[in-house]
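Topology and contacts: notes
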Amino acid sequence: DAGVIQSPRHEVTEMGQEVTLRCKPISGHDYLFWYRQTMMRGLELLIYFNNNVPIDDSGMPEDRFSAKMPNASFSTLKIQPSEPRDSAVYFCASTDTGTPNTEAFFGQGTRLTVV
Amino acid sequence: GEDVEQSLFLSVREGDSSVINCTYTDSSSTYLYWYKQEPGAGLQLLTYIFSNMDMKQDQRLTVLLNKKDKHLSLRIADTQTGDSAIYFCAESITGGSYIPTFGRGTSLIVHP
């Protein structure tokens, strides 16, 4: 398996524009997580899915953020409208809870810059 | 407060040992982890320890777990410049939500 794949790797957009981040988890993994990393706040859990169903979105900062997982192999995180304070690195991760230590596998991240 | 706490920075000289500390709050944590994040990359699992263990050694890495104090540490022997990275402590609870809870990360800076 190629691991967790995120796209794009870098995104620069203007304030007010819609941004869509994409993630392909590892095949067979039943949990998918979206994280945001900034210098000020560290690594924050935004939302996670279990078997494609959103379980906890309490970490989503505002209604401008939404996430979907239409099937087991694809998820999106959308920001509409984007603001400069959304600039961060966004990570997707997946886990297989059938393995004893439930290691989380992370993608390479999407570095978002909103100008 | 945060569930998992770490200091933000650690600076060591090349060749010395590094010790990164972490405290967690959930006494039912089953697995405790150390992840490493190199510049421009995602987090990768470095090592983990099951909660019924006190110590785990893997080459230059030693993990110590004090369940009474809910304290986890990662010792890196003979620290090299390639060890410079951000190190995240995390916990998860088997039988619970399986959600790994991460600390904010400790930036390890290794200087010559």
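Provided above is the structure to which this section pertains.
Residues numbered from 1 in each chain as written. Chains lettered and ligands numbered in written order. Predicted model: local features only at pLDDT ≥ 70, side-chain atom pairs only at ≥ 80, totals over all residues. Heavy atoms only, no water.

1. Some thoughts on the environment of B:Ser107
The test is simple: Comment: elements are numbered from the N terminus, with helices defined as DSSP H or I runs of at least four residues and strands as E runs of at least two. Pairs of residues are marked as contacts when any of their non-hydrogen atoms sit within 4.5 Å.
For B:Ser107, the location among the structural elements is in strand β11 (residues 106–111). Excluding residues within four positions of it along the chain, B:Ser107 makes contact with B:Leu8, B:Phe9, B:Leu10, B:Ala85 and B:Ile86.

2. Description of the sheet that holds strand β3 (residues 18–24) of chain B
All names here are of chain B. Short version of the rule: Strand pairing follows a simple DSSP-based rule, namely that at least 2 bridges must link the two strands. In this description, a line fitted to the C-alpha atoms serves as the axis of each element, helices being fitted only across the stretch in contact, and the angle between N-to-C directions of two axes falls anywhere from 0 to 180 degrees.
Reading across from one edge, β1-β3-β8-β7-β6 is the order of the five strands in this open sheet, with antiparallel pairing throughout. Bordering the open sheet on either side are β1 (4–6) and β6 (55–58), each of which pairs with just one other strand. Taking each pair of neighbouring strands and ignoring which way they run, the sheet shows an average axis angle of 15°. As paired strands, β6 and strand β7 (residues 61–66) are joined by four bridges and run antiparallel to one another. In the sheet register, methionine 55 faces β7, and the bridge partner there is leucine 64.

3. Description of the interface of chain A and chain B
Basically, it comes down to this: A pairing counts as a salt bridge when a side-chain nitrogen of Lys or Arg comes within 4 Å of a carboxyl oxygen of Asp or Glu. Think of a polar contact as two N or O atoms within 3.5 Å of one another; within protein, one of them needs to be a possible hydrogen donor and the other a possible acceptor, and neighboring residues in sequence only count if both atoms come from side chains. Throughout, the ten residues Ala, Val, Leu, Ile, Met, Phe, Trp, Tyr, Cys and Pro are labelled nonpolar, Asp, Glu, Lys and Arg are labelled charged, and all others, Gly among them, are labelled polar.
Listed as interface residues are 22 residues of chain A and, on the opposing side, 20 residues of chain B. Our count for the contact surface shared by chain A and chain B stands at zero salt bridges. Inspection of the region where chain A meets chain B yields four residue pairs in polar contact (both at pLDDT 80 or more). Breaking the side of chain A that touches chain B down by element, the ones donating at least two residues are β4 (31–38) and β5 (42–50) of chain A. When its residues are assigned to classes, the side of chain A that touches chain B shows twelve nonpolar, seven polar and three charged.

4. A look at the pattern of salt bridges
All names here are of chain A. What counts is decided by this rule: Think of it in three bands: residues with accessible area under 20% of the maximum for their type are buried, residues over 50% are exposed, and the middle band is partly exposed, with areas taken using a 1.4 Å probe on protein chains only.
For the structure shown, the criterion picks out eleven salt bridges over all chains. Residue lysine 78 pairs with glutamate 18 through a salt bridge whose shortest N-O separation is 3.8 Å. With lysine 78 in strand β8 (residues 74–79) and glutamate 18 in the loop between β2 (10–13) and β3 (19–24), this pair connects stretches of sequence that are 60 residues apart. Classification of glutamate 18 as partly exposed rests on a relative accessible area of 44%. The partner of glutamate 83 in a salt bridge is arginine 85, and the shortest N-O contact between them spans 2.6 Å. A relative accessible area of 22% places glutamate 83 in the partly exposed class. Of the residues examined, arginine 85 reaches a relative accessible area of 55% and is grouped as exposed.

5. Focus: the packing of aromatic side chains
Heads up, the condition is: Under the pairing criterion, centres of Phe, Tyr and Trp rings, with the six-membered ring standing for Trp, must be within 6.5 Å; the plane angle then separates stacked pairs below 30 degrees from edge-to-face pairs above 60, leaving the rest tilted.
Across all of its chains, the model carries 16 aromatic pairs over all chains by this definition. Between A:Phe91 and A:Phe106, the aromatic rings sit 6.2 Å apart at their centres with planes inclined by 80°, giving edge-to-face as the arrangement. Of the two residues, A:Phe91 sits in strand β9 (residues 88–95) while A:Phe106 sits in strand β10 (residues 105–106), which places them 15 residues apart along the sequence. Centre to centre, the rings of B:Tyr33 and B:Tyr48 are 6.4 Å apart; their planes meet at 45°, and the pair counts as tilted. You can see B:Tyr33 sitting in strand β4 (residues 31–37) and its partner B:Tyr48 sitting in strand β5 (residues 43–50), a full 15 residues away along the chain. Taking relative accessible area as the criterion, B:Tyr33 reaches 0% and is therefore assigned buried. Classification of B:Tyr48 as partly exposed rests on a relative accessible area of 27%.

6. As for the nonpolar core
Heads up, the rule is: Only buried residues count toward a nonpolar core. Its members are Ala, Val, Leu, Ile, Met, Phe, Trp, Tyr and Cys residues joined through side-chain atoms within 4.5 Å.
Counting residues in each nonpolar core, the largest one holds 21 residues, and the members touching the most others are A:Trp34, A:Leu77 and A:Tyr90. Those elements that provide at least two residues to this core are β3, β4, β5, β7 (65–71), β8, β9 and β11 (110–114) of chain A.

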